[in-house]
Structures are given as C-alpha cells and as structure tokens.
Amino acid sequence: MVHRYFPHTKDDIDAMLKHCGMESLDDLYSDIPSQLKLKRDYDIKPQLSEKEVRDFFEELALRNQPLTCFAGAGFYDHYAPAVVDSILSRSEFLTAYTPYQPEISQGTLQYIFEYQSMMSELTGLEVSNASMYDGTTAVAEAMMMAVAHSRKKNRILVSATVNPIYKDVIDTYAHYHGIAVDVIPESEGVTDLEAMRDMLSSNDVAGVILATPNYYGILEDYTGVAETVHAAKALLIMTAPASTLGVIKTPGQWGADIAAGEAQSLGMPLNFGGPYLGYMCCTKALIRKLPGRIVGVTKDADGQRVFVLTLQAREQHIRRDKATSNICSNQGLMALYASVYLSLLGTEGLKEVNAISASGAHYLASRLEESGAFELKYPDKPFLNEFVLKFKGEVKLSDFIEVCTSCGCLPGVMIGDDELLVCVTENRTREEIDRYVWRAETFAKAISPFDNKTQTEIPQP
C-alpha cells in the first residue's frame, strides 16, 4: 500500500521536538533570516472543503501555459520511456538513501555502480562518481579538483564559449577559495586557441575548461589542445550535455582529464528547473581528488559478487571539513533515473535520439533561413541540434518571441538583441517545426499576425 502522507498528533510533534532539543516548530527555521519569512497568512480562503481546496489549486495550475519547446541553452526537452518513472516510484528506490551499511544496501550500491559504469563509457574516462547536484556545481567542483591537484597553482582558464551560467557558479566557488578565473576569448563562435596558448605561457594555470558542443551549439575542434594544456602542466576539463556524448567525440577521446556537466538531457523532465543531475568523470590518476561517492565491486567471504563504497576517506562522513567535497548522496534518485534511461535506450537508442534531433535542427535552421526572418550567425560551423540565429526583421526579436509564446511556442533563448539560440530534440515533430517556420515567414512578411489566437487556431503551413 502506498502512503503519501502520515498525519502527526500534537503528542507526536512534541516528542519529536523534545528529541531535537526544540520547543516549537518555529525553532526548526530559526536559521532563516527574518526578511525571508512569510509574515502573512496564505492567500487562500479559510474553511474550504477538500474538494474546494483541490479545485482552487487545479485552477491555479490551469493558468500555466504549456509551450512547444525549442529552447535549450543547457537544458533539453527529451523523451523518457514511461517505465523510467514506474521503476523510480517503487518504494525501495524512492526511499533509498545513504548506503553506508553495505550489508543492507546492495540494491542501492548496485545501481550506483551501474550508473558509474555507464557514465564512464559515455565520457570515455576511467572513473565516475555518483553524483553531483547539477551541471554547474559539477564543473565548479572540477575546477576545485584541478587546483587541488596542482597544489601551487590557483588560476583557471574558462572558454568564453562555455555556458554563462556555468561561469557564474565557477566565479562564486573561485571567489571563496582564492582562485583566479580568466576567460579565454572566442573568435567566430569558437574558443580562440591561440589566445589560450598565450595565457598558458605564464605557467600558473591549474586547469582549462572547454565545452563540446559549446554554448552556441557548435562542435569545436580541439585537436592538439590536450597536448598544449598538459605541456603547461595543467588539467583539461571538458563539459558537454550528457546525451550528446552518445554520438560526438568524447572528452576521453580529446585527451581530457576531467569531464563534468549536466545529465538532465538523459530524459529528465525540465520541471521548472530541477531536480537535475551533475556528472563527473576523470582519469584514474585523479581518483583520490574526485568528490562525491564512488562505488566499487568486490567479493564477500563466500565468494559472491558484492558492492561497497570505495576510498571513503575522501568523504565528509569520515573527514568532515577536510573532505574532498561535501557533495554526496543528494542525487541518488536522479543517478538511478539516468541509469534506467541509459539501460533502456542503450548505445543504439542514444544514437537514434541524437540523429532525430540533429535532423530536425538542420531542417529547421535551413527553413528559417529560407523564411527571410533569420540567418545563421555561424553558417560555417558544425552543430548537432542547437544553433544561433540572427533576426533580420524590422521589429524587435522580443516581439517575435512574444507572439510565438502567445501562440503556445517557446521559439528559443534570446542571447542578444537580435540573436536567438534555438534547439530541436526528438520530441519536436515535423508539424511543430513547420508551424514554427510559418510563424517566422508570417512575421517576416509583416502580415498582421495571430495575436491573441491559440495554437490550434493557427492555419497549417
């Protein structure tokens, strides 16, 4: 039987508070600044019946406008088989937590081991942890690894083509750890490798962070970069949306020492921003600097295959403030999500997802150029399923976005006054893509368009 909620009596609550050394429930929130606390009643009518409460919140939910998503910028609208949610909802997975007692945690330890194995294969690196909060903190932790490994160097180089939200979190981590962060400039949408070589010549760089595909969706050529970085006695860190690693050259193949990034693209719903999953993999030489949990496989006294936590002296439950990182068990459920998704799709399924996405993206890009409303900003650069367009209309790009949104379509992410970052995944149908193109054509021709019309009222192309 599934129990979603167990009510507590006053005696239950008093007993729990006493055990915690507190006098009231308010004491649980004593560390929260006063200005962040709600100082009024909830905006809901009193004395509502259960049905009335349900109706109230259902009406609020109906105000959300579902949009056909052509936005990406690091977070992608991929499809996940229904069996993923079915497996995750099982109580033995949903309630699983820290597996510090291997005798009773073999199931949890096994799926973590399987997750690590698949992520190592996906990134082309020898070791994976399980796991990180999200992609931004994973990349920031990779920076910390590079500095810890170098010991005497505290400067990091970050390409200007790395997702800007990653750069923001990197800067936050760096500020409180005395790390200097410099940006490698971009040239025509890709990393200026000559500038990177000049910056490395100072011999004070601990690590270099690059992206593939980069923020603009471009697949950069990093031939020879690893050799250049290693010659300067620095580590090469690469980040990529996890799903794309099923078809592009992996960080391991590029010669990277660390791969870190966002695994949300492995079927996880966008869900207004989370929960997501950060992945981190590295070479075996760096394993003792790797934050988070690592699960290994061994044999018990009876010779049976069993799973155990490995190199636990790195973790906070043993070393406290001296630990490699305090990031540990929070993402166990999402690591399981990625494991189930990858095991269902397999190598061929992941290739198919990327093939459909790439086909749709290149079709949309060419059609939008033909519409006259847009042109590719980087026409000579290869891309997978995401690209940057320059708006050519006489009105503002924000007006085009507003019109599309009012018609049920999120056309992309505005990254400049006239620049739109557009993404296509396997979830987008040819009809949805053609409808997008029709809007662009209509807007470019300055035909009095479809304000206040619903998507269903828009004529088919």
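Residues numbered from 1 in each chain as written. Predicted model: local features only at pLDDT ≥ 70, side-chain atom pairs only at ≥ 80, totals over all residues. Heavy atoms only, no water.

> Tell me about the overall build of the protein chain, residues and numbers included.
Secondary structure assignment for the protein chain yields 14 helices and 17 strands. Taken against the 2.2 N^0.38 rule, which gives 23 Å for 461 residues, the C-alpha radius of gyration of the protein chain at 25 Å falls within 12% of a compact globule. For the protein chain, the residues scored as buried account for 48% of the 461 residues in total. As presented, the protein chain carries roughly 24200 Å² of accessible surface, and 52% of it is formed by carbon and sulfur atoms. Positive and negative side-chain charges of the protein chain, numbering 42 and 61 respectively, have mean locations separated by a distance of 5 Å. (Helix = DSSP H or I, 4+ residues; strand = E, 2+ residues; numbered from the N terminus. Rg over C-alpha atoms; globule rule 2.2 N^0.38 Å. Buried < 20%, exposed > 50% of the residue type's maximum accessible area, 1.4 Å probe, protein only. Areas by Shrake-Rupley, 256 points an atom, 1.4 Å probe, with all protein chains shown as cover. Lys, Arg positive; Asp, Glu negative; His and termini not counted. Charge placed at Lys NZ, Arg CZ, Asp CG, Glu CD.)

> A description of the sheet that holds strand β13 (residues 374–376) should follow, citing residues and the corresponding values.
What the four strands build is an open sheet, ordered β13-β14-β17-β16; its pairing is antiparallel. The sheet is open, and its two borders are formed by β13 and β16 (413–416), each paired with just one other strand. Strand-to-strand twist in this sheet, taken as the mean axis angle between neighbours without regard to direction, amounts to 40°. Across five bridges, strand β14 (residues 386–391) lies against strand β17 (residues 419–423) in antiparallel orientation. Residue pairing in the sheet places K390 in a bridge with E419 of β17. Across the sheet, helix α12 (residues 332–371) touches β13, β14 and β17, and the angle it forms with β13 is around 130°. (Pairing = 2+ DSSP bridges. Axes fitted to C-alpha atoms, helices over the stretch in contact; angles between N-to-C directions. Contact = heavy atoms within 4.5 Å.)

> Tell me about the pairing of strand β3 (residues 155–159), residues and numbers included.
Taken across its five residues, β3 has five buried, putting it largely inside the fold. Alternating residues of β3 divide into R155, L157 and S159 and I156 and V158, and every residue in both groups is buried. Where β3 lies against strand β4 (residues 180–184), five bridges are found, and the strand directions are parallel. Bridge pairing links L157 to D182 in β4.

> Outline the environment of Y173, supporting the account with residue identities and numerical values.
Its location among the elements puts Y173 in helix α7 (residues 164–177). Counting along the chain gives 30 residues from Y173 to M143, while the straight-line C-alpha distance between them is 8.8 Å.

> Provide a residue-level description of the packing of aromatic side chains, including the pertinent values.
Counted by the stated rule, this structure contains 15 aromatic pairs. A ring pair is formed by F56 and F57, whose centres lie 5.1 Å apart and whose planes are at 85°; its orientation type is edge-to-face. The class of F56 is partly exposed, set by a relative accessible area of 28%. Three or more aromatic residues link up through ring pairs in this structure, and these residues are F70, F374, F391, F400, Y436 and F443. Note that K249 overlies the ring of W254, its terminal NZ or CZ placed 4.0 Å from the centroid. Over the face of the ring belonging to Y363 we find R430, whose NZ or CZ atom lies 3.8 Å from the ring centre. (Phe/Tyr/Trp six-rings, centres within 6.5 Å; stacked < 30°, edge-to-face > 60°. Lys NZ or Arg CZ within 6 Å of the ring centre and 35° of its normal.)

> I'd like a rundown of the nonpolar core, residues and numbers included.
Counting residues in each nonpolar core, the largest one holds 40 residues, and the members touching the most others are Y115, M119, L266, Y279 and Y341. Those elements that place two or more of their residues in this core are α3 (82–88), α5 (106–123), β10 (278–282), β12 (305–309) and α12. The leading source of residues in this core is α12, at twelve residues. Within the second largest apolar cluster, 32 residues are counted, among which are I170, I179, V181 and C282. (Core = buried A, V, L, I, M, F, W, Y, C linked by side-chain atoms within 4.5 Å.)

> Break down empty space enclosed by the protein for me, with residues and values.
Applying the stated criterion across every chain, the model contains three cavities of 30 Å³ or more. Of the pockets and cavities examined, the largest cavity occupies roughly 270 Å³. In terms of lining, the largest cavity is formed by 24 residues, of which the most central are G74, Y76, P213, N214 and P241. In terms of residue count, α12 provides more of the lining of the largest cavity than any other element does, three residues in total. Grouping the constituent residues of the lining of the largest cavity by class yields ten nonpolar, twelve polar and two charged. Volume-wise, the second largest cavity comes out at about 60 Å³. Taken together, Y216, I218, L376, K377, Y378, K381, F383, F387 and V388 form the lining of the second largest cavity. Among the residues making up the lining of the second largest cavity, the classes are represented as seven nonpolar, no polar and two charged. (1 Å grid on protein atoms, 1.4 Å probe; cavity = no way out; pocket = protein on both sides within 12 Å on 5 of 7 lines; lining within 4 Å. Points joined across faces, edges and corners; volume = space filled by probe spheres on them. Nonpolar A, V, L, I, M, F, W, Y, C, P; charged D, E, K, R; others polar.)

> Can you lay out the environment of M132 for me, pointing to particular residues and giving the numbers?
Looking at the secondary structure, you find M132 in the loop between β2 (127–128) and α6 (135–150). In this structure the C-alpha to C-alpha distance between M132 and Y276, which are 144 residues apart in sequence, comes to 9.1 Å.

> Explain the pattern of salt bridges residue by residue, including any values.
Applying the stated rule across the entire model yields 15 salt bridges. Here R155 and D204 are joined by a salt bridge, their closest N and O atoms 2.9 Å apart. Here R155 is found in strand β3, whereas its partner D204 is found in the loop between α8 (193–200) and β7 (205–211), with 49 residues between them in sequence. Classification of D204 as partly exposed rests on a relative accessible area of 32%. Across the pair R367 and D434 runs a salt bridge, and its minimum N-O distance is 3.3 Å. Here R367, found in helix α12, pairs with D434, found in helix α14 (residues 430–444); they are 67 residues apart in sequence, far enough to count as distant. By relative accessible area, D434 is classed as buried at 19%. When salt bridges with common partners are traced through the structure, they connect R367, E370, D434 and E441 into a single cluster. (Salt bridge = Lys/Arg side-chain N within 4 Å of Asp/Glu carboxyl O.)

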